[in-house]
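# Inside the fold
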Amino acid sequence: HEITQAIWFISLYEDGYNVTDPEGVLSVIFTHDLGEEFGITPDFIEGYLKDHGFKDQTFIDKFKANYDAITKKYGPDGVPTHETEYGYYVNLEDYENASVAKLIDRLHNVTTLIRAFDRPRMLEYLANTTMLRNDFVHNVSENFPSQRDLYLSLGKHLEWAAQASVYHENTLGKPIDD
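Below, the structure is looked at part by part. (Residues numbered from 1 in each chain as written. Predicted model: local features only at pLDDT ≥ 70, side-chain atom pairs only at ≥ 80, totals over all residues. Heavy atoms only, no water.)

Let us look at the packing of aromatic side chains. The geometry of an aromatic ring pair is captured by the separation of the ring centres together with the interplanar angle, meaning the angle of the planes. The full count for this structure, using the stated rule, is seven aromatic pairs. Ring centres of Y67 and Y74 lie 6.4 Å apart, and the angle between their planes is 45°; on these two criteria the pair is classed as tilted. With relative accessibility at 22%, the residue Y74 sits in the partly exposed group. Between Y89 and F136, the ring centres sit 5.5 Å apart and the planes meet at 75°, which makes this aromatic pair edge-to-face. Within this pair, whereas Y89 is found in helix α6 (residues 85-92), its partner F136 is found in helix α8 (residues 119-143), the two being separated by 47 residues in sequence. With respect to burial, Y89 and F136 carry one shared label: buried. Joined through ring pairs, the aromatic side chains of F54, F59, F63, Y67 and Y74 make up one cluster. Its guanidinium or amino end placed over the ring of Y88, K72 lies 5.0 Å from that ring's centre, counting from NZ or CZ. (Phe/Tyr/Trp six-rings, centres within 6.5 Å; stacked < 30°, edge-to-face > 60°. Buried < 20%, exposed > 50% of the residue type's maximum accessible area, 1.4 Å probe, protein only. Helix = DSSP H or I, 4+ residues; strand = E, 2+ residues; numbered from the N terminus. Lys NZ or Arg CZ within 6 Å of the ring centre and 35° of its normal.)

Okay, the nonpolar core next. L92, V100, L103 and L154 are the most contacted members of the largest nonpolar core, which totals 36 residues. Mapped onto this core, the elements with two or more residues apiece are α1 (2-14), α2 (22-31), α5 (57-70), α6, α7 (96-112), α8 and α9 (148-172). (Core = buried A, V, L, I, M, F, W, Y, C linked by side-chain atoms within 4.5 Å.)

Structure (structure tokens):
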């Protein structure tokens, strides 16, 4: 999951899309599920990095903020970090690296995870993806204009992936990855 997302991101970067902090985005991509799946907190990661000789506190602080922003809860049974999905995305709009990582994560999920959902949940997920593509992409493009082309490209790919998933389900009666 994370390797594929990192490859997609590196491909976009190598294609010339402007990214302010590519190392920061990759750091969030590689760690973004640790909080939700294993309960790993930002402070734990900071301690781990420092215990292993990492001294750049500016990087650590920025990474922790982006990691915390992308994490919806700490641990499988953890309390949600936001009351609503909408609130989660509104908060995420303020984090340059996490916003890129989230769009790539969502694109990957739309093309692979969709099989795990029953039809009503899949259609709800795709509808939420359309909202994300419209509102979130617009807002982060305004918040981080130097990465605007990257956000718009990821938004367009999200739109295409969501449309393809609906087409496959409605026309072929099976998920896109079948």
